[in-house]
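Structural characterization, general
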Amino acid sequence: MQTRFYVLILIGLLFFGGESIAQQTEPTGIVVPDVTGMTLPHAIERLNQLEINFGREIQLEWTAESGIERDVVRVQSTTAGEMVEAATVVNLTVPRRFNAELVYDNNDITLRNLGEVPLPLNSLWFTGADQVFFALRWGQTLGAGECVQLWSVNRNAPKRVSGCPGDYARWFTSNDARDHFWTPANDSVFRIIQNGLERTRCDPASTGGEVLRCRFYMSTSDAPEYTDHVYMLYTPDTLLVLNNGEDYLMSLVTMRLEGENETVLPLIPGIDVYDTRPTIGRVNVLAPGQCVYVTKASGVGTAVPEPCQLLGRASLEDETVPWEDVFIVQSSISPNATRCPAPIEGQRTLCIAPR
């Protein structure tokens with residue numbers, strides 16, 4: 001009887017336990033990597049390699065007394081080791097030495113350079129619910145210690161703001177409500193964008209006229225996070241835009257090609273010309289090793305000529321391609337233009353255009 005009893009137990013384990021074992025499957029999804037300690041470009045690169053999207057940067061003010069490393073990821077919104085689905089968004093918190101400050105009320109806003117090097121205003125803009133303002137309208141750069149100001153109501157002189165020199169670098173009034181990104185009419189946070197990536201968010205002004213301050217960090221020439229160029233490799237039928245660097249982001253925002261055949265192509269093609277809608281990464285800001293591939297409609301299926309993480313592949317009607325001959329690479333944030341040579345049949349041509 002004892003032997004029979006053991007046999008019954010074994011049969012029971014195999015039968016009932018076997019059903020349980022069959023239901024236990026390997027967890028599916030993507031393991032979130034640990035990107036703490038990485039620079040923002042490298043963290044974005046690593047997330048995208050695993051088909052995880054970078055959401056936005058959350059800036060944490062850094063001082064010499066902070067006791068932590070600056071300019072590298074301190075916190076990630078999804079813990080390393082968690083399982084997530086493809087295209088999950090992860091936000092990254094980065095300690096920064098703030099080098100810019102906005103001082104504003106319901107009528108006016110002032111931008112101060114808190115740092116020791118010029119701020120590149122040509123890469124900076126602000127967006128509200130329905131408003132956008134390009135800082136380039138204040139000029140290409142803002143020198144160390146300088147201030148610029150914008151008013152939403154008519155004014156015959158700038159308002160004095162503590163910390164600003166007696167003479168403002170530039171100031172003006174705009175009666176266009178689309179420029180008034182900071183005012184109570186915005187009714188939501190406004191965003192500070194540099195080269196296509198959100199740097200931080202600020203509260204809108206109050207109706208009571210209270211003075212608000214919003215400090216933030218933006219990349220400058222002494223600590224760049226973006227390439228100073230765009231790298232293009234092309235044939236008569238294809239165009240590859242590639243971030244061939246290792247440490248910097250490559251922004252394609254505001255860049256366009258102008259062909260001698262009077263065709264114009266933004267380096268970020270409209271979403272409707274992509275073969276499949278891009279879901280990983282940002283086609284307007286390439287992390288190291290990422291690329292966008294554009295071909296003539298007749299060249300669909302052509303192999304990508306360089307190893308890279310392909311974010312998007314687009315096809316254009318043959319007559320709308322601007323790089324068949326000599327073409328110009330132009331940015332709306334820079335007065336400089338680059339003339340690229342005509343492609344040669346059977347060869348690949350390289351053009352590196354300064355941003």
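Up top is the structure.
For the structure given in this document, a descriptive report is provided here.

The rules behind the values
Residues numbered from 1 in each chain as written. Predicted model: local features only at pLDDT ≥ 70, side-chain atom pairs only at ≥ 80, totals over all residues. Heavy atoms only, no water. Helix = DSSP H or I, 4+ residues; strand = E, 2+ residues; numbered from the N terminus. Rg over C-alpha atoms; globule rule 2.2 N^0.38 Å. Buried < 20%, exposed > 50% of the residue type's maximum accessible area, 1.4 Å probe, protein only. Polar contact = N/O pair within 3.5 Å; in protein donor to acceptor, adjacent residues only side chain to side chain. Contact = heavy atoms within 4.5 Å. Salt bridge = Lys/Arg side-chain N within 4 Å of Asp/Glu carboxyl O. Pairing = 2+ DSSP bridges. Axes fitted to C-alpha atoms, helices over the stretch in contact; angles between N-to-C directions. Core = buried A, V, L, I, M, F, W, Y, C linked by side-chain atoms within 4.5 Å. Disulfide = S-S within 2.5 Å.

1. Here's the deal with the overall build of the chain
Check the secondary structure of the chain and you find two helices and 27 strands. Whereas a compact globule of 355 residues would reach a radius of gyration of roughly 20 Å, the chain reaches 26 Å, over 25% beyond that. Taken along its principal axes, the extent of the C-alpha atoms in the chain is 105 × 60 × 35 Å. Considering the chain as a whole, with its 355 residues, one finds that 46% of them fall into the buried category.

2. Concerning unusual backbone geometry
In this structure, E51 is a non-glycine residue whose phi angle is positive, near 65 degrees. Looking at the element boundaries, E51 is found in the loop between helix 2 (40-49) and strand 2 (53-61). Classification of E51 by relative accessible area gives partly exposed; the value is 43%. Its identity as a non-glycine residue notwithstanding, N195 has a phi of 55 degrees, on the positive side. Counting through the fold element by element, N195 comes out in the loop between strand 14 (190-194) and strand 15 (197-202).

3. Here's the deal with the side chain of D105
Take D105: it is sitting in the loop between strand 6 (100-104) and strand 7 (108-113). Judged by relative accessible area, which is 8%, D105 ranks as buried. Within the local environment of D105, its side chain forms a polar contact with the backbone nitrogen of D108, the two atoms lying 3.0 Å apart. In terms of polar contacts, D105 uses its side chain to reach the side chain of K159, at 2.9 Å. Beyond its immediate stretch of four places on either side in the chain, D105 contacts K159, W182, A205, G209 and E210.

4. Regarding the pattern of salt bridges
By the definition in use, this model includes 23 salt bridges. Across the pair R215 and E101 runs a salt bridge whose closest N-O atoms are separated by 3.3 Å. Of the two residues, R215 is situated in strand 16 (residues 212-216) and E101 in strand 6; the sequence distance between them amounts to 114 residues. For R215, a relative accessible area of 39% gives the class partly exposed. R199 is the salt-bridge partner of E225, the closest N and O atoms lying 2.7 Å from each other. Of this pair, E225 sits in the loop between strand 16 and strand 17 (229-234) while R199 is found in strand 15, placing the two residues 26 residues apart along the sequence. Considered together, E225 and R199 belong to a single accessibility category, that of buried residues. Each of E57, R70, D71, R96, R199 and E225 takes part in salt bridges that share partners, so that together they form one network.

5. Points about the sheet that holds strand 13 (residues 170-173)
Pairing is mixed across the open sheet formed by five strands, whose spatial order is 13-12-7-6-16. For this open sheet the edge positions go to strand 13 and strand 16, each flanked by a neighbour on one side alone. Across the sheet, the mean angle from the axis of one strand to that of its neighbour is 15 degrees, orientation sign disregarded. One ladder, built from five bridges, connects strand 7 with strand 12 (residues 147-151); its direction is antiparallel. Residue pairing for strand 12: T110 is matched across the bridge by Q149.

6. Overview of the nonpolar core
The biggest cluster of nonpolar side chains holds 32 residues, and the ones touching the most others in it are M232, L239, V241, L257, L267, W323 and V329. For this core, the secondary structure elements donating two or more residues are strand 17, strand 18 (238-242), strand 20 (255-259), strand 23 (290-296), strand 24 (309-316), strand 25 (327-331) and strand 27 (349-354). With five residues, the single largest contributor to this core is strand 17. With sequence-adjacent residues up to four places away left out, W323 is seen in contact with Y234, T235, P236, D237, T238, L239, L257, L265, V294, L316 and P343.

7. Remarks on helix 2
The element helix 2 is largely enclosed, with a buried count of seven among its ten residues. Residues L40, P41, A43, I44, E45, L47 and N48 constitute the buried set of helix 2. Residues of helix 2 that are buried make contact with strand 2, strand 5 (89-96), strand 15, strand 23 and strand 24. Backbone geometry just after helix 2 places E51 at a positive phi near 65 degrees.

8. Quick look at the state of the cysteines
Each disulfide consists of one covalent bond between the sulfur atoms belonging to two cysteines. Inspection of every chain in the model, using the stated rule, returns four disulfides. With a sulfur-sulfur separation of 2.0 Å, C147 is cross-linked through a disulfide to C164. Classification of the bridge connecting C147 and C164 rests on its S-S torsion, roughly -90 degrees, and on that basis the disulfide is left-handed. One end of the pair, C147, is in strand 12; the other, C164, is in the loop between strand 12 and strand 13, with 17 residues separating them in the sequence. Just as C147 is buried, C164 falls in that class too. C202 shares a disulfide with C214; S-S distance 2.0 Å. A torsion of -70 degrees about the S-S bond marks the disulfide between C202 and C214 as left-handed. Separated by twelve residues along the polypeptide, C202 in strand 15 and C214 in strand 16 bring together distant segments of the chain. A residue is classified by how much of its surface remains accessible, and C214, at 9% relative accessible area, is buried. In the chain, the cysteines engaged in disulfides, taken in order along the sequence, are linked 1-2, 3-4, 5-6, 7-8.

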